[in-house]
Amino acid sequence: MSKYIAAIDQGTTSTRCILFNQQGNIVSVGQKEHEQIYPKPGWVEHNPTEIWKNTLEVIALARIHVSAHASDIAAVGITNQRETTVVWNKRTGKPYYNALVWQDTRTTDLVAKYEKEGGLNQFRDITGLPVSTYFSGLKLKWLLDNVEGIREDAEKGEAIFGNMDTFLIWHLTGGTQGGIHVTDVTNASRTQLMNLRTLQWDKSMLAAYNIPEIMLPAIKSSSEIYGYSDHEVLPGVPVAGDLGDQHAALVGQTCFEPGMAKNTYGTGCFLVMNTGTELKTSENGLLTTISYKFGDQPVQYALEGSVAVTGALVQWLRDNLGLIQNSSDIEPLAQTVEDNGGAYFVPAFSGLYAPYWRNDARGVVAGLTRYVNKGHIARAVLEATAYQTADVVKAMEQDSGIKLASLRVDGGMVHNQLLMQFQSDILNTQVVSPAVAETTALGAAYAAGLAVGYWKSTDDLKKNWAIAHTWNPDMPEEKRDAYYKGWKKAVTKSYEWID
Ligand code: G3P
């Protein structure tokens, strides 16, 4: 039996390849960052060709570290930043334009137009999503309407669309020599073009956004053999798992029962709760989406609270203001003060996502006095992550009727003790992190491993999950309420910045 499962995690800031063993432990990692391209305020792009080259490099790196032969790898699973949109030519493999990243707000005017015509929630019943700059459908419409040649070539069947999962699978399985053009139900659910009930592209959505169906990938389950890599870095290895990164983290955290939830602290924060085979609509600004679908088994639905900017705010403090040198410097700086000194930072850089869905919002710092110093700002930056998560948890509890007994967390920011303790305090809930912190890649590995029989069932996976750290709430109710009230007030100050 092969020793490892490979996972490719194509994230917003970097691409990684991780090899996992049977116990779900990491045996090797290759990682490479890619350029963030900001051509105009609100525009965020990636170069898909750079990302494909990085993918090949990180696979090779991961293999070299443990001298893994291709035959040591039973299967490869892909997980990816969701919604990020690419159109490329199927004869040349060349993208027509940079990838429009999920955070990109260039479709704000289009959102306003649809809002005027039918309201932001007009497609929620079909897709589970509000009209927003966030999802792929409007990004794809923008490319079709604004980049010369795309619509014409799409109608001829030559220009094809995909999120990063589709782009990488197409290249891995042959590219111009016959690459496979597929996606999975989780990624498809974030395009706003898929019908959540039929799990097929929805004709009325394609008509509403004027998108030719011929350019869309086939929708598959999250765990099955889609094809085989014909690339020399992974010759003959089955490509057998595909999950959007937040769905993959849910799987990596083994949240297989209805009511189980995880929160991933990355560029943004994404809290996903498994709702089982039942499709739940949200009354409180959450998204209805898909947890996963393993092969022929029934689809599992989810509720999600997506927050656009959390870790990205720390990066902004580092890169745009130079207030810290490394992201990890934020914690010692925040520890120089007792509290936020009255300052609140609302990082509405891409508008506000769940539960507010305000495309018109932009970032604000509120509550400043001369007392406030950089320690307070650092603290306000970290607290913004915890408050935004609290907003989502409250909405989740209302929608599901389930009070979270404990929150499973993962992602880069869980190493920040101050933030995790504050998170537990502000939620008044236990917060737990797992022994294998790379839950996103692990989830993709699990999906691929299940498809080829490397793991037999989800019971095998559950046995691999263990707690690394627990944070327990320790804040008087009065203080918690006063802090949260301050946050809610600050949020309202970010509204109506864009007409
Ligand atoms: O919806 C966007 C999300 O999938 C991006 O995740 O971890 O790449 O920031 P991440």
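Residues numbered from 1 in each chain as written. Predicted model: local features only at pLDDT ≥ 70, side-chain atom pairs only at ≥ 80, totals over all residues. Heavy atoms only, no water.

**Overview of the packing of helix 10 (residues 311-319) against helix 12 (residues 374-400)**
In step 1: The geometry of helix 10 relative to helix 12 is characterised by a closest axis approach of 8 Å and an angle of 155° between their N-to-C directions. In terms of their interaxial angle, helix 10 and helix 12 are classed as roughly antiparallel. Of the two possible hands of crossing, helix 10 and helix 12 adopt the one that is right-handed. Here Leu 313, Val 314 and Leu 317 of helix 10 lie close against helix 12, whose contacting residues are Ile 377, Val 381, Leu 382 and Ala 384.
In step 2: Of the residues in the contact of helix 10 with helix 12, the class split is seven nonpolar, no polar and no charged. (Axes fitted to C-alpha atoms, helices over the stretch in contact; angles between N-to-C directions. Helix = DSSP H or I, 4+ residues; strand = E, 2+ residues; numbered from the N terminus. Parallel < 35°, antiparallel > 145°, perpendicular 65-115°, else oblique. Left-handed = near helix turned anticlockwise from the far one by under 90°. Contact = heavy atoms within 4.5 Å. Nonpolar A, V, L, I, M, F, W, Y, C, P; charged D, E, K, R; others polar.)

**Description of the packing of helix 12 against helix 16 (residues 477-493)**
In step 1: Taken N-terminus to C-terminus, the directions of helix 12 and helix 16 make an angle of 90°; their axes are 11 Å apart at the nearest point. The orientation of helix 12 relative to helix 16 falls into the category roughly perpendicular. Listed contacts from helix 16 to Ala 384, Tyr 387, Gln 388, Ala 390, Asp 391 and Lys 394 of helix 12 are Tyr 483, Tyr 484, Trp 487 and Lys 488.
In step 2: Classifying every residue of the contact of helix 12 with helix 16 gives six nonpolar, one polar and three charged.

**As for the nonpolar core**
In step 1: Core analysis: the largest hydrophobic core is formed by 72 residues, its most contacted members being Tyr 265 and Trp 487.
In step 2: Residue-level mapping places this core at the junction of two domains, with at least three residues from each of domain 1 (4-246) and domain 2 (254-434 + 466-498).
In step 3: Discounting chain neighbours no more than four positions away, the residues touching Tyr 265 are Thr 385, Thr 389, Leu 407, Val 409, Asp 410, Gly 411, Gly 412, Met 413, Val 414, Leu 419, Met 420 and Gln 423.
In step 4: Membership of the second largest hydrophobic core comes to 36 residues, among which are Val 87, Phe 161, Met 215 and Leu 216. (Core = buried A, V, L, I, M, F, W, Y, C linked by side-chain atoms within 4.5 Å. Buried < 20%, exposed > 50% of the residue type's maximum accessible area, 1.4 Å probe, protein only. Domains from an automatic or database assignment.)

**Considerations on the domain arrangement of the chain**
In step 1: Segmentation of the chain into domains returns domain 1 (4-246) and domain 2 (254-434 + 466-498).
In step 2: Taking only C-alpha atoms, the centre of domain 1 and the centre of domain 2 are 25 Å apart.
In step 3: Domain 1 puts 32 residues into the contact, and the matching count from domain 2 is 31 residues.
In step 4: With both chains or domains summed, domain 1 and domain 2 bury close to 2,400 Å², and 59% of this area falls on carbon and sulfur atoms.
In step 5: The residue Arg 190 makes a salt bridge to Glu 304 at a minimum N-O spacing of 3.0 Å.
In step 6: At the boundary of domain 1 and domain 2, one finds 14 residue pairs in polar contact (both at pLDDT 80 or more).
In step 7: A class-by-class count of the residues in the side of domain 1 that touches domain 2 yields 13 nonpolar, 15 polar and four charged. (Buried area = accessible area lost by both parts, 1.4 Å probe. Salt bridge = Lys/Arg side-chain N within 4 Å of Asp/Glu carboxyl O. Polar contact = N/O pair within 3.5 Å; in protein donor to acceptor, adjacent residues only side chain to side chain.)

**Remarks on the UniProt feature "domain: Carbohydrate kinase FGGY C-terminal" (unreviewed entry) in the chain**
In step 1: The UniProt feature table records "domain: Carbohydrate kinase FGGY C-terminal" (unreviewed entry) at residues 262-451.
In step 2: The annotated region residues 262-451 carries 34% helix and 22% strand content, and the separation between its end C-alpha atoms amounts to 23 Å. (UniProt positions renumbered as here; feature names shortened; annotations may be inferred.)

**Digging into the UniProt feature "binding site: sn-glycerol 3-phosphate" (unreviewed entry) in the chain**
In step 1: Listed under "binding site: sn-glycerol 3-phosphate" (unreviewed entry) in the UniProt record, and renumbered for this structure, are Thr 12, Arg 82, Glu 83, Tyr 134 and Asp 245.
In step 2: Classification of Glu 83 by relative accessible area gives buried; the value is 2%.
In step 3: Once you skip the residues sitting within four places of it in the chain, Glu 83 turns out to touch Leu 100, Trp 102, Tyr 134, Phe 135, Ser 136, Lys 139, Asn 163 and Arg 190.
In step 4: Along the polypeptide, Tyr 134 turns up in the loop between helix 3 (124-127) and helix 4 (136-146).
In step 5: With a relative accessible area of 0%, Tyr 134 lands in the buried category.
In step 6: Apart from the residues within four sequence positions on either side, Tyr 134 is in contact with Arg 82, Glu 83, Trp 102, Lys 139, Arg 190, Phe 270, Leu 287, Glu 304, Ser 306, Tyr 353 and Trp 357.
In step 7: Side-chain polar atoms of Tyr 134 contact the side chain of Arg 82, separated by 3.2 Å.

**A closer look at the site of the ligand**
In step 1: Residues in close proximity to the ligand include Gly 11, Thr 12, Gln 81, Arg 82, Glu 83, Trp 102, Tyr 134, Asp 245, Gln 246, Thr 267 and Phe 270, which together make up its full environment.
In step 2: Note that an oxygen atom of the ligand is positioned 2.6 Å from one of the side-chain N or O atoms of Glu 83.
In step 3: The contact in question runs from an oxygen atom of the ligand to an N or O atom on the side chain of Thr 267, over 2.7 Å.
In step 4: Protein contacts shield 92% of the accessible area of the ligand, which totals 310 Å² for the unbound molecule.
In step 5: Broken down by class, the residue content of the shell around the ligand amounts to three nonpolar, five polar and three charged. (Near = heavy atom within 4 Å. Areas by Shrake-Rupley, 256 points an atom, 1.4 Å probe, with all protein chains shown as cover.)

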